[in-house]
Amino acid sequence: MDTLLLNQDAVDENTQMPDVIRAVEDAFAAYARGDAQMPAKSYIDLPQYNGDFRSMPAYLEADDWDAAGIKWVNVHPDNPENFDLPTVMGTMVYSNPETAFPLAIMDGTELTMKRTGAAAAVATDYLAVDDATTMGIIGAGVQSYTQLEAISEVRPISEVVVSDLDEERVADFIEYFEDDFEVRAGSIEEAAQCDVLSTVTPVEDPIVTREAIGEHTHVNAMGADAEGKHELADEILLDAKLVIDDHAQTTHSGEINVPYHEGVLTDDDIYGEVGDIVVADLEGRTDEDGITVFDSTGLAIQDVAAAHVVYEHADENDNGYPFDLIGTGTQ
């Protein structure tokens, strides 16, 4: 039996966004039902290299499939300038839960972008107004692309406002999407007035004020993934129907981590987890709702769900590079 090696192009080719959205939705549901195991993300800190490693293992059982895997990912900010390497690189090991055989080793960087967009799409589907046609994006880095690609699968997005301090990034984003959407550069305030807003920046001082946000805007707060990061003014979080992906992760390193640890925001201000909405234990958007916020830190179950999609399609399409990793001679 061979293990499949799948590079970035293969992962991209085998992750059609509608399939990834459905798989991530299944993962949220499995987690809410208690049909998933997801140990806490572990860290290896390497200050001598200004970087760290993170390991993210998970198992989940959906209605008609189950899957297991682990993502090994780094953050080394000096890589681009000093080594001509990406800041973040991920590797996913995808295993058969029954036998533990490593079915695939795949690029985890592209996988992360796809599943992050899919997670925002799931939240948007349950929390945004039904007729949302405008989308704002603050931060035009690599994660912004899958935000639009995924969210446009669940809402009829036609107009897009993108805001970033880097004008070249904005120009690249506009050029990439201009054939499919009416997309233009704009201020943070213009982006924040849209029906759906995704924030994908690494800032530690909030850049979206309460006054800027639309009264019925749904916000996907995607940028905060470490202690101290904070994109949205506390008043937005306190006024919104606030939905999180996981309590332990969001209070530690999500959008809410700063106001939560300062005591500005408490558990009483958190409406619930997105998985509880998916399984209908909690309501999604109602007619009474104004601003809604999804605080996404990124969960290992999402990586495993996306890897399941990649592997199933790669197997169907005879895609990837098979090799004898284990060397057992098992047929």
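All of these numbers come straight from a predicted model, not from anything done at the bench.

Asks: Would you take a moment to explain the sheet that holds strand β14 (residues 272-273) for this structure?
Replies: Paired through their backbone hydrogen bonds, the strands of a sheet run either parallel or antiparallel. Here we have eight strands laid out as an open sheet, ordered β10-β9-β8-β11-β12-β15-β13-β14, and parallel in their pairing. The sheet terminates laterally at β10 (182-185) and β14, the two strands that pair on one side only. Relative to strand β9 (residues 159-163), strand β8 (residues 134-138) runs parallel, the two being bridged by five bridges. Across the sheet, residue T134 finds its bridge partner in β9, namely E159. Along the sheet, helix α5 (residues 142-151) makes contact with β8, β9, β11 (196-199) and β12 (218-221), crossing β8 at roughly 165°.

Asks: Help me understand the pattern of salt bridges in this model?
Replies: Under the counting rule described, the total for this entry stands at 14 salt bridges. The partner of D239 in a salt bridge is R210, and the shortest N-O contact between them spans 2.8 Å. Here R210 lies in the loop between β11 and β12 and D239 lies in helix α8 (residues 234-239), a separation of 29 residues in the sequence. Here D239 falls in the partly exposed class, since its relative accessible area comes to 49%. Between D289 and K241 there is a salt bridge; the shortest N-O distance is 2.8 Å. In this pair, D289 is assigned in the loop between α11 (274-278) and β15 (292-295) and K241 in strand β13 (residues 241-244), connecting sequence segments 48 residues apart. For D289, a relative accessible area of 13% corresponds to the buried category.

Asks: Teacher, can you tell me more about the layout of surface pockets here?
Replies: When its volume is computed, the largest pocket comes out at roughly 1,500 Å³. The element best represented in the lining of the largest pocket is helix α4 (residues 108-127), accounting for six residues. Considered as a void within the structure, the second largest pocket measures approximately 220 Å³ in volume. Lining the second largest pocket are Q8, D12, Q16, M17, E110, M113, K114, V142, Y145, T146, E149 and Y176. Of all the elements in the fold, those that place two or more residues in the lining of the second largest pocket are α1 (8-13), α4 and α5. For the lining of the second largest pocket, the element with the highest residue contribution is α5, accounting for four residues. Residue composition of the lining of the second largest pocket, grouped by class: five nonpolar, three polar and four charged.

Asks: I tried to follow unusual backbone geometry on my own but got confused; where do I start?
Replies: Across the chain, the bulk of peptide bonds are trans and the bulk of non-glycine residues have phi less than zero. Of note, N50 is a non-glycine position whose phi angle comes to about 50°, a positive value. The partly exposed category is assigned to N50, whose relative accessible area is 38%. Backbone geometry places A100, a non-glycine residue, at a positive phi of 70°. Inspection of the secondary structure puts A100 in the loop between β6 (90-95) and β7 (102-107). Owing to a relative accessible area of 55%, A100 belongs among the exposed residues under this scheme.

Asks: Explain the nonpolar core to me, please; I cannot follow it from the model alone.
Replies: A general tendency of soluble globular proteins is for nonpolar side chains to be buried together. L6, F28, L60, M106 and I301 are the most contacted members of the largest nonpolar core, which has 53 residues in total. Residue contributions to this core peak at 10 residues, all from helix α12 (residues 300-316). Ignoring sequence-local partners within four residues, the contact set of M106 consists of L6, V11, G90, T91, M92, Y94, L111, A307 and V310. Of all hydrophobic cores here, the second largest spans 23 residues; its members include I138, V208, I236 and L242.

Asks: For this particular structure, what's the right way to read the pairing of β12?
Replies: Remember that side chains alternate between the two faces of the sheet whenever the strand is regular. Both faces of β12 are covered, namely the face carrying H218 and N220 and the face carrying V219 and A221. Of the pairings in the sheet, the one linking β11 to β12 comprises four bridges and is parallel in character. Bridge pairing in β12 places T199 opposite A221.

Asks: Just to check I follow, could you spell out the packing of α5 against helix α6 (residues 167-177) for this structure?
Replies: Helix-helix packing is described using two parameters, namely the angle between the two axes and the distance between the axes. Where α5 contacts α6, the axes come no closer than 11 Å and their chain directions differ by 30°. Compared by their axis directions, α5 and α6 come out roughly parallel. Considering how the two elements wind past one another, α5 and α6 form a crossing that is right-handed. Contacts between α5 and α6 involve S144, Y145, L148 and E149 from the former and D172, F173, Y176 and F177 from the latter. Split into classes, the residues belonging to the contact of α5 with α6 amount to five nonpolar, one polar and two charged.

Asks: Teacher, can you tell me more about the side chain of K241 here?
Replies: Taking the relative accessible area as the measure of exposure, K241 reaches 12% and is therefore buried. Engagement of the side chain of K241 in a polar contact is seen with the backbone oxygen of G284, the distance being 2.7 Å.

Asks: Any chance you could explain α6 here in plain terms?
Replies: Residue pairs three or four apart in sequence face the same way in an α-helix, which turns once every 3.6 residues. Buried residues of α6: V170, F173, I174 and F177, and no others. All buried residues of α6 lie within an arc of 95° about the axis, which places them on one face of the element. α6 presents E168, E175 and Y176 as exposed residues on the side facing more than 90 degrees away from its buried surface. Considering only its buried residues, α6 is in contact with β8, α5, β9 and β10. Its side-chain oxygen at 3.0 Å from the backbone nitrogen of E168, D166 defines the N-terminal cap of α6.

Rules used in this analysis
- Residues numbered from 1 in each chain as written.
- Predicted model: local features only at pLDDT ≥ 70, side-chain atom pairs only at ≥ 80, totals over all residues.
- Heavy atoms only, no water.
- Pairing = 2+ DSSP bridges.
- Helix = DSSP H or I, 4+ residues; strand = E, 2+ residues; numbered from the N terminus.
- Contact = heavy atoms within 4.5 Å.
- Axes fitted to C-alpha atoms, helices over the stretch in contact; angles between N-to-C directions.
- Salt bridge = Lys/Arg side-chain N within 4 Å of Asp/Glu carboxyl O.
- Buried < 20%, exposed > 50% of the residue type's maximum accessible area, 1.4 Å probe, protein only.
- 1 Å grid on protein atoms, 1.4 Å probe; cavity = no way out; pocket = protein on both sides within 12 Å on 5 of 7 lines; lining within 4 Å.
- Points joined across faces, edges and corners; volume = space filled by probe spheres on them.
- Nonpolar A, V, L, I, M, F, W, Y, C, P; charged D, E, K, R; others polar.
- Core = buried A, V, L, I, M, F, W, Y, C linked by side-chain atoms within 4.5 Å.
- Parallel < 35°, antiparallel > 145°, perpendicular 65-115°, else oblique.
- Left-handed = near helix turned anticlockwise from the far one by under 90°.
- Polar contact = N/O pair within 3.5 Å; in protein donor to acceptor, adjacent residues only side chain to side chain.
- Arc of directions from axis to C-beta.

Functional significance is not addressed by these values, which are geometric in nature.
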